[in-house]
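Examination of the molecular architecture
Each chain is listed here by its residues.
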Amino acid sequence: MEAEHRRHALAVYDQSCVLSGQPCEWLDSDGAPVVDTFTRRALLADLLFLGQRDPDDLEGSDVPGDFVESVIIGSGRPALVVPHTGEIAHSPDIVLLAWKPTRECARALAAAIPFLQNAHHVHLVEEDGDEMLPIPVKVRDYLHLYGIERVHEHARLTEQDAGEQLLSIASDCDADLLVMGCYGHSRARELLLGGATRTVLDSMTLPVLMAH
């Protein structure tokens, strides 16, 4: 099954190279632990493209169930996670930015600047509790530095069911892209994810740009 999947992936890769006209390189990790090998390669990438796990895909057992989150957390590189269903915009026109003053969100925001600059509509939702910091972090001021002036702000998220709230807002504003931090850590081989991160990775129907 792995060999057949590899042949299919290589065929898709070859077709993509022809369509893009860009120089590409095929890397194969035959026999090596896929998560560790991919994570090491990802350390030198500007942006990762990963696919959301489809629980109904019976042929996807050769890819570890926690592949996406393990690579994002292990590499520290931003990743664009693509949903397994639905259509994807060629260039995101409406972007929803989920913000709270953490390193995860800061890294996701930095990686998303080109997407935000090209979007026609930028929506911002902040998590409750930001105003309690001794030094306020004004994300709108940072966006203005990059020429992103028109930002539609939504009501703050509450900590409870933040993931469901995010996906609901994304649906309401017809977002083509969601930008957020990826929260989690490894403990004795067990990957522990934050509630909102797990909810979004499980239930997303639009591309999500994440960083840890």
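So, here is what we can say about the structure in this document. (Residues numbered from 1 in each chain as written. Predicted model: local features only at pLDDT ≥ 70, side-chain atom pairs only at ≥ 80, totals over all residues. Heavy atoms only, no water.)

1. Overview of the overall build of the chain
- In terms of helices and strands, the chain carries seven helices and nine strands.
- Relative to a compact globule of 212 residues, whose C-alpha radius of gyration would be 17 Å, the chain shows 18 Å and is just as compact.
- Taken along its principal axes, the extent of the C-alpha atoms in the chain is 55 × 45 × 30 Å.
- Within the span of the chain, comprising 212 residues, buried residues form 38% of the whole.
- When the accessible surface of the chain is totalled, it reaches about 12,600 Å², and 52% of it is carbon and sulfur.
- When the 16 basic and 34 acidic side-chain charges of the chain are each reduced to a single mean position, those positions are 7 Å apart. (Helix = DSSP H or I, 4+ residues; strand = E, 2+ residues; numbered from the N terminus. Rg over C-alpha atoms; globule rule 2.2 N^0.38 Å. Buried < 20%, exposed > 50% of the residue type's maximum accessible area, 1.4 Å probe, protein only. Areas by Shrake-Rupley, 256 points an atom, 1.4 Å probe, with all protein chains shown as cover. Lys, Arg positive; Asp, Glu negative; His and termini not counted. Charge placed at Lys NZ, Arg CZ, Asp CG, Glu CD.)

2. A few points about the packing of helix 2 (residues 34-42) against helix 3 (residues 67-75)
- At a minimum axis distance of 9 Å, the contact between helix 2 and helix 3 shows a crossing angle of 40 degrees. The angle between helix 2 and helix 3 falls in the class oblique. Where helix 2 crosses over helix 3, the handedness of that crossing is right-handed. Packed against helix 2, whose contacting residues are Val34, Val35, Phe38, Thr39 and Ala42, the element helix 3 presents Phe67, Ser70, Val71, Gly74 and Ser75 at the interface.
- Its residues assigned to classes, the contact of helix 2 with helix 3 comprises six nonpolar, four polar and no charged. (Axes fitted to C-alpha atoms, helices over the stretch in contact; angles between N-to-C directions. Parallel < 35°, antiparallel > 145°, perpendicular 65-115°, else oblique. Left-handed = near helix turned anticlockwise from the far one by under 90°. Contact = heavy atoms within 4.5 Å. Nonpolar A, V, L, I, M, F, W, Y, C, P; charged D, E, K, R; others polar.)

3. Examining the pairing of strand 1 (residues 48-51)
- Residues Leu48 and Leu50 of strand 1 are buried on one face, while the alternating residues Phe49 and Gly51, pointing to the opposite face, are not.
- Where strand 1 and strand 2 (residues 79-82) come together, four bridges link them in parallel fashion. Across the sheet, phenylalanine 49 pairs through a bridge with leucine 80, a residue of strand 2.
- After leaving strand 1, the chain enters helix 3 and then returns to the sheet as strand 2, a path that is right-handed. (Pairing = 2+ DSSP bridges. Right-handed = clockwise from strand over helix to strand, strands pointing away.)

4. Observations concerning the environment of leucine 145
- Inspection of the secondary structure puts leucine 145 in helix 5 (residues 139-145).
- Judged by its relative accessible area of 70%, leucine 145 is exposed.

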